[in-house]
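Remarks on the overall topology
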Amino acid sequence: NKMLAPIVAALLLTGCRKREILDARWDCVDLDRGILIVPISKSGKPRTVFLSDHAKKIFQQARILLRTEMGQEAADACQWVFANPETGKPFMAIFKSWHAARSSVGLGDVRMHDLRHSFASALVNSGGTLYDCQKLLGHSSPRMTERYAHLSSDRLHHAASEVGDHYGMAMLEKA
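All figures in this text were calculated on a predicted structure; none of them were measured in a lab.

Let's talk about the packing of helix 1 (residues 4-14) against helix 6 (residues 114-125)
- At a closest axis distance of 7 Å, the pairing of helix 1 and helix 6 adopts a crossing angle of 40°. Our classification of the angle between helix 1 and helix 6 gives oblique. Handedness of the helix 1/helix 6 crossing: right-handed. Every residue of helix 6 that contacts helix 1 at Val-8, Leu-11, Leu-12, Leu-13 and Thr-14 is listed here: Leu-115, Ser-118 and Phe-119.
- Per-class residue counts for the contact of helix 1 with helix 6 are 6 nonpolar, 2 polar and no charged.

Printed below as a string of structure tokens:
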């Protein structure tokens, strides 16, 4: 599945659910503004996904791949961002190709949904707040977000050091 790499990259870079990426349509993408509109999210409401420059490049690469596989005219007429090049429609299932890919690199039981957790963890560990994470994942509750965003011990050490630095100098200067 030649489209698997851009699909996986899009999942990692957006925090979207698998179906949100597989069903993404070009009429819901605005690369200039850096957004993808998910018309019906898990909550039943539309949601806006903010696309980083890296994610926008993945969307553009998906179009280039489709042009190579389907021909420019057919690809440009295709409404799906990550279409199956053989059918021009969204993939119904990609488990076989995902299983083969993850097995070939030793990822064991990593699920595609774990990429959403990876997005959340990367965001929080790079300094994003749980509020940022909640909004980017489209969670209505901060409690759900807490289940997704796993802090690394390095991040926690860094946070503890920042508090120590804040108070440490003042305490040392008075001593």
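The rest of the description comes next.
Observations concerning the pattern of salt bridges
- This model, assessed by the stated rule, comprises 9 salt bridges.
- Taking the shortest distance from any N to any O, the salt bridge between Glu-69 and Lys-2 comes out at 3.0 Å. Of the two residues, Glu-69 is situated in helix 3 (residues 53-70) and Lys-2 in the segment before helix 1; the sequence distance between them amounts to 67 residues.
- On the basis of relative accessibility, which here comes to 56%, the residue Lys-2 falls in the exposed class.
- For the salt bridge of Glu-20 with Arg-47, the shortest nitrogen-to-oxygen distance reads 2.9 Å. Taken together, the positions of Glu-20 in helix 2 (residues 18-22) and Arg-47 in strand 3 (residues 47-50) put the pair 27 residues apart, joining distant regions of the chain.
- Relative accessible area serves as the criterion here: at 9%, Glu-20 is assigned to the buried category.

Quick notes on the rules
Sequence order sets the numbering: in each chain, residues are counted from 1 along the sequence as written. Restriction of local features to residues with pLDDT of at least 70 applies here, the model being predicted, together with a cutoff of 80 or more for giving and counting side-chain atom pairs; totals for whole chains, interfaces and linings are based on all residues. For the side-chain quantities, the full set of heavy atoms in the structure was used; hydrogens and water were omitted. To define axes, lines are fitted to C-alpha atoms, for helices over the stretch in contact only, and angles between the resulting N-to-C directions are given on a 0 to 180 degree scale. Helix and strand definitions follow DSSP, with helices as H or I runs of at least four residues and strands as E runs of at least two, each counted in order from the N terminus. An angle below 35 degrees is treated as roughly parallel, one above 145 as roughly antiparallel, one from 65 to 115 as roughly perpendicular, and anything else as oblique. Crossing handedness: left-handed means the near helix sits turned counterclockwise from the far one by under a right angle, and right-handed means the same turn made clockwise. The contact criterion used throughout is that any non-hydrogen atoms of two residues lie within 4.5 Å. All amino acids are sorted into three groups, where Ala, Val, Leu, Ile, Met, Phe, Trp, Tyr, Cys and Pro are nonpolar, Asp, Glu, Lys and Arg are charged, and the leftover types, Gly among them, are polar. Whenever Lys or Arg places a side-chain nitrogen within 4 Å of a carboxyl oxygen from Asp or Glu, that contact is recorded as a salt bridge. For every residue, the accessible area obtained with a 1.4 Å probe (protein chains only) is divided by the maximum for its type, and the residue is called buried under 20%, exposed over 50%, and partly exposed between those limits.

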